[in-house]
Structures are given as C-alpha cells and as structure tokens.
Amino acid sequence: MRKRTLFRLAAGTATIGAATLAYASLVERNMFTLRRYDVPVLPADAEPLRVLHLSDLHMMPDQARKQRWVASLAALDPDLVVVTGDNMAHPGAVPGVLRALQPLLDYPGAFVFGSNDYTGPVLKNPFTYFLPDREYTEGVELPYEELRQVFTGAGWADLNNARTMLKAGGRQLDLVGVDDPHIDRDDYPSVAGAVSSSADLSIALTHSPEPRVLDQMAADGFGLLLAGHTHGGQVCVPGFGALVTNCGLPRSMARGLHRWPGSDSWLHVSAGLGTHPTAPIRFACPPEASILTLIPR
C-alpha cells in the first residue's frame, strides 16, 4: 500500500513537472505582453512624452511571431524608442531583428549593446547563474557591426560609452549610455558629467543594471535609467519573485519601475522579449515590452 502511494505521488509530481515545463516552453515564452508605466520625471506643466523600451530580443532567424509582435508596436506611435541590448542569438539574426524593428526605425531612437550582440550563447548549466563569480564564456562572434550600421543608418543614437543631445517629442533630451557592464565593456567616466541645463529631460542607458554604473548615472542627475539583461528572472516563483538577476541588482528590482536608492532617479528594468536559446522557457515572467509615459513630477 505504501509503495503504491509513493508511486502515485512520484507519478503525479512528474506529470505536474512535465506540464509546467510544457507551459513554460510552449506557452508563456510566447505570451508577449505590453507593460505601461507612468514615470514622473518631467517639469511641472510639461506635456507627456512616450518612450518605448525594448530589450533582450535574443532573436533567432525563424522567430516570425516575435518579429510580427514587435513590429506591431509601431502602432503605439512613441516619441522615442530605446533598445537596451541583447538583440541577437544567432549569426543570421540581423534580418529577423530588422523585420521586428523596421517600422520603429522611423522614430527617434537610441541603443546600447549587450553581451549577446557581440557573441552568441553557449550551452551552460542554468544553476551557474546562482554563482556570482562564474567565468563568462563567449560563443560564436555575431554581426554586431552590421546591426550597428542598421541602427545608426536610421538615425538612432549609438550610446555605447557615448553621450548626445537628441530631440524627441518636441523636447531636448540629454542621453548617455555605456557598453555592457556584464562583460566589462563599460566606461562611464569617459562620458560622465552633470546633466545639461538646456535639456528638458535626461535618460541613461545600460544593458546590465549594475549598481556601480547606475549610482554614477544617478549622481550626475539623469532622471530616468533604462536597463535590461535580467529577463525579470526568467523563471520566477509566484509570491516570491525572481530567483536570480544575473547581476548586482537586488531580486526585488529584477523588472519594472523602481526609485533608485539615494537619488531622485527612476530605474526601469525590462524583463525582455526573449530567452537564452538553450533554455527557451519562462515561468511567471512573460516576455515584455514597455511603454513609459513620462509625466510631470
């Protein structure tokens, strides 16, 4: 009788596990979701400005559904499009990224790269994400210069360790960004400095939301900090949240809008639209894009 009970429990657990894995890999990772946030960063009486924040597409050439969904976001008519890296997951991904983003290239935009714009993903043990000092392993080189030319050719600002003034929504924006801190390509000191007094709004970009970088951006007075990289945890526990952020950011800030501690800045972390191709699952953390409506403080 005991053996029969144990067998039933084991069979039930295996069935639930299989069903959960099937849901995470076949259903939720394709449940593309649009998040909406109001962010109080504008001067009093200013008209709202809408920023479309995209991140972590991890595009594969055959992901037509994702490409169509991202392309459909042009109907939101944003004032500014911001992309915070990890666009590719395959050497042949540029045409797919272009199909997704082509309708958005007509809008003012800015971007930074992530590690998976430079090199492709490699098979790894997912439990290594719990090791803060694990060694980073590079995959095959990706055509990042080709992707850069697509973006800059459309007039988007390349903010990989760069800074610029850009006009969007009738406002002057002071924009700054760093290359990916996750692989130590960031050089914020080369672009640091107080926000321009002539700017109506200031925005800072980084792929990985490393606190050491965000602290410097906030100290310079950038009102809105945008990042990706975390995938929102990718696999979350309902009622508990992300298990890991894969960076120095606390789990409680793995996705969404947060006030950056010790400053007047706001941080938005996108949970992203893709997954690592060797772990194509999401649970309690659907893929997302965000429309940030910037409003008066």
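Above this text sits the structure in question.
Report on the accompanying structure. (Residues numbered from 1 in each chain as written. Predicted model: local features only at pLDDT ≥ 70, side-chain atom pairs only at ≥ 80, totals over all residues. Heavy atoms only, no water.)

1. Some details on the overall build of the protein
The number of helices and strands found in the protein is six helices and 14 strands. The buried share of the protein, reckoned over its 297 residues, is 49%. Put simply, 74% of the contacts in the protein that link residues at least 6 apart link residues at least 24 apart. Of the roughly 13,200 Å² of accessible surface on the protein, 56% is carried by carbon and sulfur atoms. (Helix = DSSP H or I, 4+ residues; strand = E, 2+ residues; numbered from the N terminus. Buried < 20%, exposed > 50% of the residue type's maximum accessible area, 1.4 Å probe, protein only. Contact = heavy atoms within 4.5 Å. Areas by Shrake-Rupley, 256 points an atom, 1.4 Å probe, with all protein chains shown as cover.)

2. So, the pattern of salt bridges
All chains considered together, the criterion is met by eight salt bridges. One salt bridge in this structure joins Arg 148 and Glu 145, with 3.0 Å as the shortest N-O distance. With Arg 148 and Glu 145 both in helix α5 (residues 144-153) and three residues apart, this pair spans about one turn of that helix. For Arg 148, a relative accessible area of 17% corresponds to the buried category. Note that Asp 158 is salt-bridged to Arg 148, the shortest N-O span being 2.7 Å. Of this pair, Asp 158 sits in strand β5 (residues 157-158) while Arg 148 is found in helix α5, placing the two residues ten residues apart along the sequence. (Salt bridge = Lys/Arg side-chain N within 4 Å of Asp/Glu carboxyl O.)

3. Overview of a nonpolar patch on the surface
Side chains of Val 235, Val 237, Phe 240 and Leu 243 sit close together on the surface and give an oily, nonpolar patch of about 300 Å² of accessible area. Residue placement: Phe 240 occurs in the loop between β10 (236-237) and β11 (241-242). (Patch = residues over 30% accessible without salt bridge, like charges linked within 9 Å, V, L, I, M, F, W, Y side chains within 5 Å.)

4. Notes on unusual backbone geometry
We note that Asp 45 has phi near 70°; this positive angle belongs to a residue other than glycine. Within the element layout of this structure, Asp 45 appears in the loop between β1 (33-42) and β2 (49-54). In this structure Asp 45 comes out as exposed when scored by relative accessible area, which is 75%. Its identity is not glycine, yet Asp 86 carries a phi of approximately 55°, on the positive side. Tracing the chain through its elements places Asp 86 in the loop between β3 (80-83) and α3 (94-101). By relative accessible area, Asp 86 is classed as buried at 4%.

5. Details of the packing of aromatic side chains
Within this structure, the stated rule accounts for six aromatic pairs. When the centroid spacing of 5.2 Å and the interplanar angle of 35° are considered together, the rings of Phe 151 and Trp 156 count as tilted. When sorted by exposure, Phe 151 lands in the same class as Trp 156, which is buried. Ring pairs connect the aromatic residues Phe 111, Phe 113, Tyr 118, Tyr 144, Phe 151 and Trp 156, which therefore count as one cluster. Lying across the ring of Tyr 118, Arg 185 places its NZ or CZ 3.7 Å from the centre. (Phe/Tyr/Trp six-rings, centres within 6.5 Å; stacked < 30°, edge-to-face > 60°. Lys NZ or Arg CZ within 6 Å of the ring centre and 35° of its normal.)

6. A few points about the packing of helix α2 (residues 64-72) against α3
It is at 6 Å that the axes of α2 and α3 come closest, and there the two elements cross at 35°. Every residue of α3 that contacts α2 at Gln 67, Val 70 and Ala 71 is listed here: Gly 96, Arg 99, Ala 100 and Leu 101. By residue class, the composition of the contact of α2 with α3 is four nonpolar, two polar and one charged. (Axes fitted to C-alpha atoms, helices over the stretch in contact; angles between N-to-C directions. Nonpolar A, V, L, I, M, F, W, Y, C, P; charged D, E, K, R; others polar.)

These results come straight from atomic positions and should not be treated as a statement about function.
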